[in-house]
Amino acid sequence: MVGRWDEAPLGDLIDHLVTAYHRPLVRALATLPRHARGAVGPDFAGRVEELRELLVEHMRREEELVFPWLRRPRPGGAELLVHLLEHEHGDTLRRVRVLRAEVAARARVAPRAARALSARLRRLERGLDAHILLENRVLFPRALAAAPWAG
Ligand SMILES: [Fe+2]
Ligand SMILES: [Fe+2]
């Protein structure tokens with residue numbers, strides 16, 4: 001999956017990331033806090049809402065600040081933001097894993113709603129893993145290598 005993006009134009013990879021990962025993620029996150037509240041309760045739903053806000057803001061910064069710069073890199077640009085985004089990738093993945101593990105533990109003894117939430121979080125984690133892998137391992141290194149003053 002990563003391989004085919006090693007050579008494709010960076011603009012195509014960015015378009016793919018937005019269409020295949022950002023848009024579906026925003027849709028999946030929109031109903032997740034409400035689902036979490038019904039399945040587990042308000043405290044847990046609050047943490048899911050916090051994760052939703054982090055991810056939406058993360059993707060907004062990518063789309064509005066970093067991706068335009070990666071399409072047309074120039075000195076004094078957004079390379080520091082790229083490093084910040086990489087840091088946030090690790091943070092958001094950790095949060096999803098912790099939430100998913102907590103729900104999975106409840107789902108063993110709890111009703112259907114917790115099992116459905118657990119499945120949704122597992123799908124979210126898988127999508128996020130693939131999305132972050134493409135950004136960290138392909139998009140950012142390729143874009144930074146094409147902008148030799150960055151790093
Ligand atoms: Fe992204
Ligand atoms: Fe990202």
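Anything mentioned here points back to the structure above.
Since the model is a prediction, treat every value here as computed from it, not as a measurement.

Draft legend 1. Looking closely at the packing of helix 2 (residues 32–39) against helix 3 (residues 42–71). The N-to-C vectors of helix 2 and helix 3 enclose an angle of 165 degrees; their axes lie 7 Å apart at closest approach. Taken together, the axes of helix 2 and helix 3 are roughly antiparallel relative to one another. In the packing of helix 2 onto helix 3, the handedness of the crossing is right-handed. For the pair formed by helix 2 and helix 3, the contact residues are L32, P33, A36 and R37 on the first element and P42, F44, A45, V48, E49 and R52 on the second.

Draft legend 2. Geometry of the pattern of salt bridges. For the structure on display, the rule yields 13 salt bridges. A salt bridge links R95 to E50; the nearest nitrogen and oxygen atoms lie 2.9 Å apart. Here E50 lies in helix 3 and R95 lies in helix 4 (residues 79–107), a separation of 45 residues in the sequence. According to the relative accessible area criterion, R95 is partly exposed, its value standing at 29%. R95 is the salt-bridge partner of D91, the closest N and O atoms lying 3.4 Å from each other.

Draft legend 3. Quick peek at the coordination of the iron ion (ligand 1). The protein atoms that coordinate the iron ion (ligand 1) are H22 (NE2), E62 (OE), H131 (NE2) and E135 (OE), at distances of 1.9 to 2.2 Å. By relative accessible area, which is 0% here, E62 ends up buried. Taking the relative accessible area as the measure of exposure, H131 reaches 3% and is therefore buried.

Draft legend 4. View of helix 3. For helix 3, which comprises 30 residues, the first-to-last C-alpha distance of 41 Å matches the rise-based estimate of 44 Å (1.5 Å per residue) to within 8%. Where helix 3 bends most, the angle comes to about 40 degrees, and this point is E62.

Draft legend 5. Region of interest: the coordination of the iron ion (ligand 2). The protein atoms that coordinate the iron ion (ligand 2) are H58 (NE2), E62 (OE), H89 (NE2) and E135 (OE), at distances of 1.9 to 2.2 Å. As a motif over one chain, the donors of the iron ion (ligand 2) read H-x3-E-x26-H-x45-E. Between the iron ion (ligand 2) and the iron ion (ligand 1), the interatomic distance is 3.1 Å, and E62 donates to each metal, bridging them. With a gap of 73 residues between them, E62 in helix 3 and E135 in helix 5 (residues 112–145) connect regions that are remote in the sequence. The exposure classification of E62 matches that of E135, with both residues buried.

Draft legend 6. A look at the layout of surface pockets. In this structure, the largest pocket spans a volume of roughly 200 Å³. Around the largest pocket, the lining residues are A20, Y21, P24, L25, A28, L32, R120, R123, L124, G127, L128 and H131. Mapped by element, the contributors of at least two residues to the lining of the largest pocket are helix 1 (10–30) and helix 5. Looking at which element gives the most residues to the lining of the largest pocket, the answer is helix 5, with six residues. Across the lining of the largest pocket, the residue classes break down as eight nonpolar, two polar and two charged.

Draft legend 7. Representation of the nonpolar core in the model. Within the largest apolar cluster, 22 residues are counted, with the highest numbers of intra-cluster contacts made by L13, L17, F67, L70, L134 and L139. Contributing elements (two or more residues each) for this core: helix 1, helix 3, helix 4 and helix 5. If one sorts the elements of this core by residue count, helix 5 sits on top with seven residues. When sequence neighbours within four positions are dropped, the list of residues in contact with L70 reads L10, I14, V82, L139, F140 and A143. Core analysis: the second largest hydrophobic core is formed by 19 residues, L29, V48, V103 and L117 among them.

Reading guide: rules and limits
Residues numbered from 1 in each chain as written. Chains lettered and ligands numbered in written order. Predicted model: local features only at pLDDT ≥ 70, side-chain atom pairs only at ≥ 80, totals over all residues. Heavy atoms only, no water. Axes fitted to C-alpha atoms, helices over the stretch in contact; angles between N-to-C directions. Helix = DSSP H or I, 4+ residues; strand = E, 2+ residues; numbered from the N terminus. Parallel < 35°, antiparallel > 145°, perpendicular 65-115°, else oblique. Left-handed = near helix turned anticlockwise from the far one by under 90°. Contact = heavy atoms within 4.5 Å. Salt bridge = Lys/Arg side-chain N within 4 Å of Asp/Glu carboxyl O. Buried < 20%, exposed > 50% of the residue type's maximum accessible area, 1.4 Å probe, protein only. Donors = N, O, S within 2.8 Å, 3.2 Å for Na, K, Ca; no water. Expected span 1.5 Å × (residues − 1). Bend = angle between axes of the 7 residues up to and from the residue. 1 Å grid on protein atoms, 1.4 Å probe; cavity = no way out; pocket = protein on both sides within 12 Å on 5 of 7 lines; lining within 4 Å. Points joined across faces, edges and corners; volume = space filled by probe spheres on them. Nonpolar A, V, L, I, M, F, W, Y, C, P; charged D, E, K, R; others polar. Core = buried A, V, L, I, M, F, W, Y, C linked by side-chain atoms within 4.5 Å.

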